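# Structural description and commentary
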Amino acid sequence: MYSKCSDLASARNVYDEMVMRNVVCWSTMISAYCRCFRVMEAMSLLKEMWVIGFELNASTFVSVIAACTNLRRGLSMHCCVFKLGLQHCEIPLANSVVNMYVKFGLIDDARSIFDTMDERSILSWTTIIGGYVSVGNVGEAFNLFNRMRQMGCVNQDMVPFVKIILGCVKSGNLLLASSVHSLVLKSGFHGKALIDNSVLNMYSKCSDIVSARRVFEMVDEKCIFLWTSMIAANTQHGYPAEALDLFKSLLRTDLKPNEATIASILSACADLGSLSIENEIEHYVKLNGLASNQQVQTSLIHMYCKCGRIDKAEEVFAGVLHKDLAIWSSMINGYVIHGMGNEALKLFHRMQITKPCSLDHVVFTSILLACSHSGLVEDGLKYFKSMKDDYRIEPGIEHYTCLVDLLGRAGHFDLALKTIQEMPLQVQAQVWAPLLSSCRKHRNIELGEYVAKKLLDLNPGNTSSYVLMANIYTSAGKWKEAAKTRSMMRNKGSVKEPGWSQIEINGSVHVFMAGDRSHHRSASIYEKLNELNTKLKEAGYVAETDMVVHDLENEDKEESMKVHSERLAVAWGLIGTEPGTTLTIIKNLQTCGDCHSFLKFTSKVTGRHLIVRDGQRFHHFLLGSCSCKDFW
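The rules behind these values
- All residue numbers here refer to positions counted from 1 along the written sequence of the relevant chain.
- Only residues with pLDDT of at least 70 are given local features in this predicted model, and only at 80 or more are side-chain atom pairs given and counted; all residues enter the totals for whole chains, interfaces and linings.
- Side-chain numbers here rest on the full set of heavy atoms in the structure, without hydrogens or water.
- Counting from the N terminus, the helices are the DSSP runs of H or I reaching at least four residues and the strands are the DSSP runs of E reaching at least two.
- For every residue, the accessible area (1.4 Å probe, protein chains only) is compared with the maximum for its type, and the residue is labelled buried under 20%, exposed over 50%, or partly exposed between those bounds.
- Between two residues, a contact is recorded if the distance between any of their heavy atoms is within 4.5 Å.
- Every accessible area reported is derived by Shrake-Rupley at a probe size of 1.4 Å, with residue values counting cover from the shown protein chains alone.
- We score Asp and Glu as negative and Lys and Arg as positive, and we do not count His or the chain ends.
- Here the site of a charge means atom NZ of a Lys, CZ of an Arg, CG of an Asp or CD of a Glu.
- Paired strands are those between which DSSP finds at least two bridges.
- For salt bridges, the criterion is a side-chain nitrogen of Lys or Arg within 4 Å of an Asp or Glu carboxyl oxygen.
- Angles here are taken between N-to-C directions and fall from 0 to 180 degrees, while the axes themselves are lines fitted to C-alpha atoms, restricted in helices to the stretch in contact.
- UniProt positions are given in the numbering used here, feature names are shortened, and annotations may be inferred rather than shown by experiment.
- Only protein atoms enter the 1 Å grid used here. Points where a 1.4 Å probe fits but cannot escape make up a cavity, open sets with protein on both sides within 12 Å along at least five of seven lines make up a pocket, and a residue lines them when an atom lies within 4 Å of a point.
- Grid points are joined across faces, edges and corners, and a volume is the space filled by probe spheres set on the points.
- Residues are sorted three ways: Asp, Glu, Lys and Arg are charged, Ala, Val, Leu, Ile, Met, Phe, Trp, Tyr, Cys and Pro are nonpolar, and all the rest, Gly among them, are polar.
- Domain boundaries shown here were taken from an automatic or database domain assignment.
- To count as a disulfide, a pair of cysteine sulfur atoms needs to be within 2.5 Å.
- When an angle is under 35 degrees it counts as roughly parallel; over 145 it counts as roughly antiparallel; between 65 and 115 it counts as roughly perpendicular; any other value is oblique.
- Two helices cross in a left-handed way if the nearer one is turned anticlockwise from the farther one by less than a right angle. They cross in a right-handed way if the turn is clockwise.
- For patch detection, residues must exceed 30% relative accessible area and be free of salt bridges, and they are connected within 9 Å for like charges or within 5 Å for nonpolar side chains (Val, Leu, Ile, Met, Phe, Trp, Tyr).
- Buried residues of nine kinds, namely Ala, Val, Leu, Ile, Met, Phe, Trp, Tyr and Cys, make up a nonpolar core once their side-chain atoms join them within 4.5 Å.
- By buried area we mean the combined loss of accessible area, with a 1.4 Å probe, across both parts when two parts are placed together.
- Polar contact is defined as a pair of N or O atoms within 3.5 Å, subject to the rule that within protein one atom must be able to donate a hydrogen and the other to accept it, and that residues adjacent in sequence are counted only when both atoms are side-chain atoms.

## So, the overall build of the protein chain
- Assigned secondary structure in the protein chain consists of 34 helices and six strands.
- Put simply, the protein chain has 632 residues, and 49% of those count as buried.
- When contacts within the protein chain are restricted to residue pairs at least 6 apart in sequence, those whose partners lie at least 24 apart make up 61%.
- Accessible surface computed for the protein chain: about 30400 Å², of which carbon and sulfur atoms make up 52%.
- Looking at the protein chain, you have 66 positive and 65 negative side-chain charges, and the mean spots of the two groups are 1 Å apart.

## A look at the pairing of strand E1 (residues 500-505)
- Direction of pairing for E1 relative to strand E2 (residues 508-513): antiparallel, over a ladder of six bridges. The partner of Trp 500 across the bridge, within E2, is Met 513.
- Across three bridges, the pairing between E1 and strand E3 (residues 583-587) is antiparallel. Residue pairing in the sheet places Ile 503 in a bridge with Ile 585 of E3.

## Notes on helix H4 (residues 58-67)
- Along H4, seven of the ten residues are buried, which leaves the element largely enclosed by surrounding structure.
- Among all positions of H4, only Ala 58, Thr 60, Phe 61, Ser 63, Val 64, Ile 65 and Ala 67 are buried.
- Against helix H2 (23-35), helix H3 (39-52), helix H5 (71-83) and helix H6 (91-103) lie the buried residues of H4.

## Side note on the pattern of salt bridges
- For the structure on display, the rule yields 18 salt bridges.
- Note that Lys 385 is salt-bridged to Asp 389, the shortest N-O span being 2.9 Å. Of this pair, Lys 385 and Asp 389 both sit in helix H23 (residues 377-389), four residues apart, which is roughly one turn of that helix.
- A relative accessible area of 53% places Lys 385 in the exposed class.

## So, the sheet that holds strand E6 (residues 625-626)
- Judged by pairing direction, the sheet is mixed, and its six strands sit side by side in the order E2-E1-E3-E4-E5-E6 without closing on themselves. Here the strands that pair on one side only, and so sit at the sheet edges, are E2 and E6.
- The sheet contacts of helix H34 (residues 593-606) involve strand E4 (610-613), strand E5 (618-622) and E6, and relative to E5 the element is tilted by about 40 degrees.

## Observations concerning the UniProt feature "repeat: PPR" (unreviewed entry) in the protein chain
- The UniProt record annotates "repeat: PPR" (unreviewed entry) at residues 22-56, 121-155, 223-257 and 293-327.
- Secondary structure across residues 223-257 comprises 71% helix and 0% strand; the distance between its end C-alpha atoms is 10 Å.
- Segment residues 293-327 splits into 74% helix and 0% strand. End C-alpha atoms: 11 Å apart.

## Here we look at empty space enclosed by the protein
- Scanning all chains against the criterion turns up three cavities of 30 Å³ or more.
- Taken as a whole, the largest cavity encloses approximately 70 Å³ of empty space.
- Forming the boundary of the largest cavity are Gly 273, Ser 274, Leu 275, Gln 502, Ile 503, Glu 504, Thr 584 and Ile 586.
- Broken down by element, the residue count for the lining of the largest cavity peaks at three residues, all from E1.
- Broken down by class, the residue content of the lining of the largest cavity amounts to three nonpolar, four polar and one charged.
- Both domain 1 (222-322) and domain 2 (500-626) contribute no fewer than three residues apiece to the lining of the largest cavity.

## Structural notes on the state of the cysteines
- Applying the stated rule across the entire model yields zero disulfides.
- Lacking any disulfide linkage, Cys 592 is separated from the closest cysteine sulfur, that of Cys 595, by 3.5 Å.

## Observations concerning the packing of helix H10 (residues 159-171) against helix H11 (residues 174-186)
- Two elements in contact, H10 and H11, have axes separated by 9 Å at closest approach and are oriented at 165 degrees. Taken together, H10 and H11 sit at an angle that is classed as roughly antiparallel. Note on packing geometry: the crossing formed by H10 with H11 is left-handed. Each of Phe 161, Ile 164, Ile 165, Cys 168 and Ser 171 in H10 lies in contact with H11, whose residues at this interface are Leu 176, Ala 177, Val 180, Leu 183 and Val 184.
- Its residues assigned to classes, the contact of H10 with H11 comprises nine nonpolar, one polar and no charged.

## What to know about a nonpolar patch on the surface
- Taken together, the side chains of Met 1, Tyr 2 and Val 14 define a hydrophobic patch exposed on the protein surface, amounting to about 320 Å² of accessible area.
- Locating Val 14 in the fold gives a position in helix H1 (residues 8-17).
- Overall, the relative accessible area of 42% leaves Val 14 in the partly exposed class.

## Let's talk about the side chain of Thr 365
- Locating Thr 365 in the fold gives a position in helix H22 (residues 361-374).
- A relative accessible area of 15% places Thr 365 in the buried class.

## As for the nonpolar core
- In terms of nonpolar packing, the biggest core is built from 160 residues, with Phe 61, Met 77, Ile 128, Met 331, Phe 348 and Leu 435 touching the most fellow members.
- With eight residues, the single largest contributor to this core is helix H20 (residues 325-337).
- Not counting residues up to four positions away in its chain, the partners in contact with Ile 128 are Val 98, Ile 107, Ala 110, Arg 111, Phe 114 and Leu 144.
- Ranked by size, the runner-up nonpolar core spans 26 residues in total, among them Ile 503, Leu 574, Leu 610 and Val 612.

## Comments concerning the packing of H22 against helix H24 (residues 397-409)
- Where H22 contacts H24, the two axes come as close as 9 Å, and the packing angle between them is 10 degrees. The angle between the axes of H22 and H24 places the two elements in the roughly parallel class. Every residue of H24 that contacts H22 at His 361, Phe 364, Thr 365, Leu 368, Leu 369, Cys 371, Ser 372 and His 373 is listed here: Glu 398, His 399, Cys 402, Asp 405, Leu 406 and Arg 409.

## Points about the domain arrangement of the protein chain
- Domain annotation for the protein chain reports domain 1 (222-322) and domain 2 (500-626).
- If you average the C-alpha positions of domain 1 and of domain 2, the two centres end up 30 Å apart.
- With eleven residues of domain 1 in contact, the opposing surface of domain 2 contributes nine residues.
- Between domain 1 and domain 2 the total buried area reaches about 660 Å² when both faces are included, carbon and sulfur atoms providing 45% of it.
- Among the residues domain 1 hides against domain 2, the three largest losses belong to Ser 276, Lys 306 and Gly 308. Together they make up 44% of the total.
- Remark: the boundary between domain 1 and domain 2 carries zero salt bridges.
- If you list the elements that add at least two residues to the side of domain 1 that touches domain 2, you get helix H16 (259-272), helix H17 (275-287) and helix H18 (294-306).

## Let's talk about the environment of Asp 360
- By secondary structure assignment, the location of Asp 360 is in the loop between helix H21 (341-354) and H22.
- Look at Asp 360 and you get partly exposed, because its relative accessible area is 26%.
- As for Asp 360 and Ser 524, which are separated by 164 residues in sequence, their C-alpha atoms are 52 Å apart.
- Apart from the residues lying within four places of it in its own chain, the contact partners of Asp 360 are Leu 325 and Ile 393.
- Of the polar contacts made by the side chain of Asp 360, one reaches the backbone nitrogen of Val 362; its length is 3.2 Å.
- At a separation of 3.1 Å, a polar atom in the side chain of Asp 360 contacts the main-chain amide nitrogen of Val 363.

Quick look at the structure:
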């Protein structure tokens, strides 16, 4: 009783005062130590019991083996069990041994014990199935699950279903996921909160957001975990507006969002980039006392950075008393996407001094991106080497991609090629894309053709490779080659994603496409744009026409660029806001060189601070210059 109430001292006092003790007394005290994770004391009592001459039974070992956090101790206990001939005596002990091997990733050893069991419980099957799922052998997990079903062991217990659903999540096999869901329904487990939440997450991980939503809508009594999972699923799959609508619906219920819910909706707000929604969520967080939660603080930093408010992100970061690695990483990454590479590196150094913590692959990805976007080649190479040599972090695809991007952006093509050739073969296929982008930036046609061929051989349906190669030809005036490349793209059935830009004014979001005339104030927008173009020319702006994708006269090229989506958004922002108001524009694609020049001159002649979030990063235009220093 005392041990189950977590009062180990009182339990030991009672034990010590007992004049006569039997096996049950000893076993109970051993279990008490195990329950409090004091395994050494438990093992000491076990040895003492053995020396005195008590006959050890299976139940004595169950709790000790379950509590072992060290493989050597676990093996020692299994050896004792084996020597005493207790291994086949009772199912709980065999289950404990199987679970011990599963816990340490020794699935073959666990399976050998499982196969020698004369009788098996639901827990036996569930443990070994979960073990195969945890090591990634989903196929064998399903084989065992089917064997268990054939033996009629699964009908009354939902835990095996939870394990096998986790297997579907790991495999990402939608057909398998649908089959498991069908079996869940047939077995009558629909309506159980744990199962419903697991099935929803399963469909989300299999990228079937429609089926996930159906599961959500089928549940009459939705718990907060189900709401959170559905909001997170929409956010992760690029539906932030739907996630926000769900959150608003949740607020109309009697349920209260938890920290995970708030973190998910803050991520959705970050993707939307809406300042008005940002303010609403910020108010809700403060009102409900969640502003000091580290998960929420991390998400707030991420949201502010993605909404262009790096100053607000810095405020939140400064207010965190005990910063963990996620907080540091989030702020470093915020500086990176705002093109503040030096600030990112300074914060990284400060983190290492202030709180020496175990760095991970995420923070090094941010550091390498900071070096890449700021042209810090030597620093980038130094950190890549340090990651491997000093921190023993094996580089992943994201690190190799950053490294190639770093070298390519700086024009070090020979070194970039040499680096790719020295990479593991499974990585090489995925790092050609940033090099092709660099070929476009530096107009290296010969290397661009070589890289494009590599990419198209590996992934013929990749639209971006065709687009980049066509742009490289265009910049060199090779119109026939550019047209041929675009024709190949169309013949493959690939379609370039249309560009759009959005601007929010007084809580209302306005979206523009290139040449858009659907806005109700379209005439005023084009009038303002013509007026602005006149002022820009007087200030020295000259259109950069070499990237226009058609073989046109220069005058026609200029006209085609004048109606790019971000220019229309700027014009509407100038009309709809007071002089001096900062304009924040969100684009889905990377800003072209001419629009970048246009925005610099616009900030100069209007005195406005223009914040543009494109497909890769933020640009802060102020008084004729950009925060990226024309390196992006």
